[in-house]
Amino acid sequence: MNDKIAYSAILISLLIFLPHPSGAQSVARPNRQQPLSVTSRKLVSPEAVFRNPPERAKPGVLWMWMGANLSKAGITKDLEALKKEGFNRTTMFSLADVTTPWACDIGKSPTPDIISWTEPWWKLVRHAAEESKRLGMDFGMFNGPSYESSGGAWITPELSMQEICSAQTKVTGNQKTTIILAQPTVKLRGHTPYPVYNPKTGLVEIPEIEARTTYYKDIAVLALPAAGSVTKANAIDLTGNMKPNGELTWDAPPGEWIVYRFGHTTTGTLIQPAQWKAAGLECDKMSQQAVDFHMDHVIGEIQKHLGDLIGTGFTHVHFDSYEAGMPSWTPKMREEFTTRRGYDPLPYLVAFAGRRLGSKADSIAFRTDFDATIKDLHRDIYFTTLSRKLKAANLTFLSEPYGGPWRQDEIMPLVHNVMTEFWTHGGKYDPYELDPTVAALRKSGQNIVESEAFTGDASDSQWSETPAWLKPMGDAAFCAGVNRMILHRFVQQPWDDRYKPGATMGRWGTHFDRTQTWWEPGKALVSYWQRCQALLQWGHFAPAGFNAVVTNGKPTIQSIHRNEGSTDVYFVANTARLAGSATCTFNVTGRQPELWDPVTGTMRLLTQFDTGNGTTTISIDFDEAQSFFIVFQHKVDKGAVSKRTNFPVRQEITPIKSTWHVQFDPAWGGPAKPVTFAPLQDWTTQAEPGIRYFSGTAVYRTSFDMAPAKTGKLSGGLYLDLGVVKHVARVMLNNRDLGVIWTAPWGVTIPNELLKPTGNQLVVEVTNVWANRLIGDEQEPADQAWLPGHLDKNSGYLKEFPDWFLNKQPRPSKGRYCFTTWNYFTKDSPLISSGLLGPVRIMQER
């Protein structure tokens, strides 16, 4: 059997026997999310994983539980919706009611007794774990009632992050003196990096922390000359001379002296953004006692409430990227420093009082050594303890290990499952801390590169996001090395389905929610991610071996290369929102190039290419934000090489200009009866408010005849081109579902013999975004009150739950349809173009 025949046989067998990713699949326990080394993976063919992505190739979500706004029914609906959509992991964060970005409360809560890490809350966590087990999904959570960083109400001031402080007293020498040294004081407000809503004052502020006045421990007492240089000879340690009440007796040498009393207290850094009643101090990450206490509490509570579900319904504990500030002390700092650096830091503490011991070089050396000790302790105590204790409890240690006072490459091997992140700033891919994390993971030999994905803020994410808008940013992350996305964010929706869009995280995150307008057709986007991630996890990362020269238009071409044995897989993506062509050269020769389309799931040979000098060169046409896998695995059969173009030229043969009958959903303000569009029109240009402000899915129907002499035998395939679509479309032609179109090219191949000469029935379900309906609601009288967000001029959060909502009554403002906890809009906000705009055409592919 020659290679061409063998290749055809492989394709036929895959098409016949492998289930499509969107088809029904049996429920299986997902793999524990420990990173897999290349050598430990049982390798299957790239065709197999592309056609049927494994569990590890499915994306996950960061599941935001917003304050007291939780329900068992909502948890079940969330998990079932995620499972159906193609996700298999949730990592839960229990936060404040809303983030502005600061932690804030929504008044008149319908469920005020639900406080994070209390018994009512744990009952809901157990329900989520039981449901996850039932559905075969992976479930875990953050290590406390916040997303930053590690602590809680159980952390006492003694176990919290510490700062060094000092007070000074002047002494005239040449006499024996007894004085009371002032105890160092610090500002009452702690070092919490961001404000929170303080119900005690009604203000959004950095709270005052009483323990910063009530908790204090001495470190040392040092006397220095009041002026002049300081050396070890004239820096006098008086620590043993001071009584517990601060009384110091000292026979002072001649001259003027300053006595420094050094101590430490809590930094007052609070976890955030937490419910006020669940808030607490960050633990001291350099103290073995503090980290042990925190982890024993966290693991103990998990075992108490979820013990029989660990490893099945509950699998991991998460630690997010670090934003808790820089500590400057820990109770055993002197011993740790001396052991690690080989000298006593005590006389050098004068640096914290603005003095210098020895030369400038000596001072710099001490600061360097002190910083190195802090980094050492975070590695040897914090990360080592987390890793050891979670492993012993049969829990995976999941972390975004950057932003903190440590050396990232040293601590990453201690993390069982490393994550990075990328953002959607300005609609463009923002790698944040992604690149160094990916490099460190590759260096350590880890294959799976997970990323918090599509993190956004109120300037970009306004219930206006679409799958097509997201695609090039996700593709850029794939090219940067990510091969498993964990979406930021999916909010727990506790209320009845009539309250949409429902609960939000506040100003943060892209709106991946089961209440999203395009959630159901958005499954096509998830299937795309599954196929991409399956191939980007297959084999192992390889050097680029790729070059692209743009020959037409303005595409931006990026790529990443995977390899195993004699098979090379390249992901090649146009990450620009502009179409074009490029001549792409791959460092592969003697093997047949194949094009696998992760949007449609199709695979085909490329017949037009050039080889030479150890390379294969292919001209590739890219639509807006289009991507392909180019696969080399079989020897070239010279008979398969031809002058036939790799990309068909499409020619219009039948324009569809018939009248469209469009049914909008009256439950969301649409007209009760179908309307007619002839020609196709933008919803936002219509005089009828129910159309102009409509959000959701409208069903377009029309019938058409093929143009004369265009049926029968045609030299090429047929293609339905929808033209301009805002924003997602599902197509049915003559009662056959042709699938969802969510990105360019905005069309679909028509199966052979599906079209008839006359009487063809075309149905297109078009879904837009929530923004227009929310803007439409703003045209009506208000029936809920908003408070302004703290970073966004035109955004705000729900002040309190309105009485009509609490009492399940009809809302007073009859023209309003939406309910949510964050508002981006005014009545004058611009509408977003929506609908099927066309032109819709039948094309012949030549």
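Residue indices follow the written sequence of each chain, beginning from 1 at its first position. Where totals are concerned, whole chains, interfaces and linings use all residues; where local detail is concerned, this predicted model gives features only for residues with pLDDT of at least 70, and gives and counts side-chain atom pairs only at 80 or more. No hydrogens and no water enter the side-chain calculation; it runs on all heavy atoms of the structure.

K.L.:
Could you give me a rundown of the environment of glycine 313, with the residues and numbers involved?
P.N.:
For glycine 313, the location among the structural elements is in the loop between helix 6 (288-306) and strand 16 (316-319). Classification of glycine 313 as buried rests on a relative accessible area of 0%. Residues glycine 313 and alanine 128, spaced 185 residues apart in sequence, show a C-alpha to C-alpha distance of 8.0 Å. Leaving out residues up to four positions away in the same chain, glycine 313 has contacts with Ala129, Ser132, Lys133 and Phe139. For helices the rule is a DSSP run of H or I covering at least 4 residues; for strands it is a run of E covering at least 2, with both sets numbered from the N terminus onward. Whether a residue is buried, partly exposed or exposed follows from its accessible area with a 1.4 Å probe, protein chains only, as a fraction of its type maximum: under 20%, in between, or over 50%, in that order. Whether two residues are in contact is decided by their heavy atoms, any of which lying within 4.5 Å being enough.

K.L.:
Which residues make up the pattern of salt bridges, and what are the values?
P.N.:
For this analysis, a salt bridge means a side-chain nitrogen from Lys or Arg found within 4 Å of a carboxyl oxygen belonging to Asp or Glu. Taken as a whole, this structure holds 44 salt bridges when the rule is applied. The shortest N-O distance in the salt bridge between lysine 285 and glutamate 282 comes to 2.9 Å. Take lysine 285 and glutamate 282: they sit in the same class, and that class is buried. Of the charged contacts in the structure, one is a salt bridge between glutamate 450 and arginine 484, with a shortest N-O distance of 3.1 Å. Of the two residues, glutamate 450 is situated in strand 19 (residues 450-455) and arginine 484 in strand 20 (residues 484-491); the sequence distance between them amounts to 34 residues. Across the pair, exposure class does not vary: glutamate 450 and arginine 484 are buried alike. By sharing partners, the salt bridges in this structure join Glu336, Arg340, Arg341, Asp376, Arg379, Asp380, Arg407 and Glu410 into a single network.

K.L.:
I'd like to hear about the confidence of the model for the chain, residue by residue, with values.
P.N.:
Looking at any residue, its pLDDT shows the predictor's confidence there, from 0 to 100. Residues with a pLDDT of 70 or more make up 94% of the chain, whose mean pLDDT is 93. Between residues 1-41, whose pLDDT stays under 50, and residues either more than four places distant or in other chains, the model counts 87 contacts.

K.L.:
Got a sec to walk through the nonpolar core? Specific residues and values, please.
P.N.:
Among the nonpolar cores identified, the biggest contains 203 residues, and Trp660 and Tyr700 are the most heavily contacted of them. Among residues more than four places away in sequence, those in contact with tryptophan 660 are Val675, Thr676, Phe677, Leu680, Tyr700, Arg701, Thr702, Leu762, Val764, Leu836 and Val840. Counting residues in hydrophobic clusters, the runner-up holds 18 residues, among them Phe546, Ile620, Phe622 and Phe647. Joining through side-chain atoms within 4.5 Å is the link that ties buried Ala, Val, Leu, Ile, Met, Phe, Trp, Tyr and Cys residues into a set, and such a set is a nonpolar core.

K.L.:
Pulling in residues and values, what's your account of the sheet that holds strand 32 (residues 650-655)?
P.N.:
Two pairing modes exist for strands in a sheet, parallel and antiparallel, and in both the strands are linked by backbone hydrogen bonds. Strands are labelled as partners when DSSP assigns at least two bridges between them. Here we have 4 strands laid out as an open sheet, ordered 32-47-36-40, and antiparallel in their pairing. If you trace the sheet from one side to the other, it starts and ends with strand 32 and strand 40 (747-750), each paired once. With direction set aside, neighbouring strand axes in the sheet form an average angle of 30°. Direction of pairing for strand 32 relative to strand 47 (residues 841-845): antiparallel, over a ladder of 5 bridges. In the sheet register, proline 655 faces strand 47, and the bridge partner there is arginine 841. Here the axes come from fitting lines to C-alpha atoms, over the contacting stretch only for helices, and the angles between their N-to-C directions go from 0 to 180 degrees.

K.L.:
Describe the environment of valine 636, naming the residues involved and giving the relevant values.
P.N.:
Looking at where valine 636 falls in the secondary structure, it is placed in the loop between strand 31 (627-635) and strand 32. The spacing of valine 636 and threonine 589 is 47 residues in sequence and 8.9 Å in space, taken between C-alpha atoms.

K.L.:
So what about the packing of aromatic side chains? Which residues, and what values?
P.N.:
Only rings of Phe, Tyr and Trp enter the pairing, Trp through its six-membered ring, and a pair is recorded when the two centres are within 6.5 Å. The plane angle decides the type: under 30 degrees is stacked, over 60 is edge-to-face, the rest tilted. Under the defined criterion, the tally for this structure stands at 67 aromatic pairs. Ring centres 6.5 Å apart and planes at 90° place the aromatic pair phenylalanine 512 and tryptophan 518 in the edge-to-face group. As far as burial versus exposure is concerned, phenylalanine 512 and tryptophan 518 are alike and both buried. Pairing phenylalanine 805 with phenylalanine 819 gives two aromatic rings, centres 4.5 Å apart and planes at 15°, and the pair type is stacked. With phenylalanine 805 in helix 15 (residues 803-806) and phenylalanine 819 in strand 44 (residues 819-820), this pair connects stretches of sequence that are 14 residues apart. The burial state of phenylalanine 805 is the same as that of phenylalanine 819; both residues are buried. In this scheme, the term charge over a ring applies when either NZ of a lysine or CZ of an arginine sits within 6 Å of the ring centre and within 35 degrees of the ring normal. Lying over the aromatic face of phenylalanine 541, arginine 442 brings its terminal NZ or CZ to 3.5 Å of the ring centre.

K.L.:
Pulling in residues and values, what's your account of the sheet that holds strand 27 (residues 591-597)?
P.N.:
One open sheet holds the 6 strands; their spatial order is 22-24-25-31-27-28, and the pairing between them is antiparallel. Of all strands in the sheet, those with a lone pairing partner are strand 22 (540-542) and strand 28 (602-605), marking the two edges. Each adjacent strand pair in this sheet contributes to an overall mean axis angle of 30°, direction not counted. The sheet contact formed by strand 22 and strand 24 (residues 557-564) spans 3 bridges and is antiparallel. Counted as the bridge partner of phenylalanine 541 is arginine 562 from strand 24.

K.L.:
Any details on the side chain of histidine 511? Residues and values, ideally.
P.N.:
Positionally, histidine 511 belongs in the loop between strand 21 (501-502) and helix 12 (523-537). Two N or O atoms form a polar contact when they lie within 3.5 Å of each other; inside protein one atom must be a possible hydrogen donor and the other a possible acceptor, and for residues adjacent in sequence the pair counts only when both atoms belong to side chains. Among the polar contacts listed, one links the side chain of histidine 511 to the side chain of glutamate 465, at a separation of 2.8 Å. Of note is the side chain of histidine 511, whose polar atom sits 3.1 Å from the side chain of tyrosine 824. The contact partners of histidine 511, leaving out residues within four places of it in the chain, are Ser461, Gln462, Trp463, Glu465, Arg489, Gln516, Trp518 and Tyr824.

K.L.:
Kindly report on unusual backbone geometry, identifying the contributing residues and their values.
P.N.:
With an omega of 20°, the peptide bond between histidine 488 and arginine 489 qualifies as cis. Inspection of the secondary structure assignment puts arginine 489 in strand 20. With an omega of 5°, the peptide bond between lysine 500 and proline 501 qualifies as cis. Mapped onto the elements, proline 501 comes out in strand 21. Its identity as a non-glycine residue notwithstanding, asparagine 394 has a phi of 65°, on the positive side. On the basis of relative accessibility, which here comes to 39%, the residue asparagine 394 falls in the partly exposed class.

K.L.:
Describe the pairing of strand 5 (residues 138-142), listing the residues and the values that go with them.
P.N.:
Counting buried positions along strand 5 yields 5 of 5 residues, so the element is predominantly enclosed. As paired strands, strand 2 (residues 89-95) and strand 5 are joined by 4 bridges and run parallel to one another. For arginine 89, the partnering residue across the bridge sits in strand 5 and is aspartate 138. When strand 5 meets strand 16, the two strands line up parallel, connected through 3 bridges. Pairing of methionine 141 across the sheet is with valine 317, part of strand 16.

K.L.:
Give me the lowdown on the pairing of strand 36 (residues 718-721), citing residues and values where you can.
P.N.:
Residues Leu718 and Leu720 of strand 36 are buried on one face, and the alternating residues Tyr719 and Asp721, pointing to the opposite face, are buried as well. The sheet contact formed by strand 36 and strand 40 spans 4 bridges and is antiparallel. Its bridge partner being in strand 40, aspartate 721 is matched across the sheet by glycine 747. Bridging between strand 36 and strand 47 involves 4 bridges; their strand directions are antiparallel. Considered in strand 47, the bridge of aspartate 721 is made with arginine 841.

K.L.:
Can you lay out the packing of helix 7 (residues 333-341) against helix 8 (residues 360-392) for me, pointing to particular residues and giving the numbers?
P.N.:
Closest axis-to-axis distance for the helix 7/helix 8 pair is 10 Å, and the angle between their directions is 105°. If you check the angle between helix 7 and helix 8, you find them roughly perpendicular. Residue-level contacts link Met333, Glu336, Phe337, Arg340 and Arg341 of helix 7 to Phe366, Asp369, Phe370, Ala372, Thr373, Ile374, Asp376, Leu377, Arg379, Asp380 and Ile381 of helix 8. Residue type decides the class: Asp, Glu, Lys and Arg count as charged, Ala, Val, Leu, Ile, Met, Phe, Trp, Tyr, Cys and Pro as nonpolar, and the leftover types, Gly among them, as polar. Residue composition of the contact of helix 7 with helix 8, grouped by class: 8 nonpolar, 1 polar and 7 charged. What sets the label is the angle itself: under 35 degrees gives roughly parallel, over 145 gives roughly antiparallel, 65 to 115 gives roughly perpendicular, and the rest give oblique.

K.L.:
Describe the side chain of serine 581, and please don't skip the residues or the numbers.
P.N.:
The residue serine 581 is located in strand 26 (residues 580-586) in this model. Reaching out from serine 581, the side chain makes a polar contact with the side chain of aspartate 621 at a distance of 2.9 Å. For serine 581, the contacting residues outside a window of four places in its chain are Val549, Val550, Thr551, Asn552, Pro555, Ile620 and Asp621.

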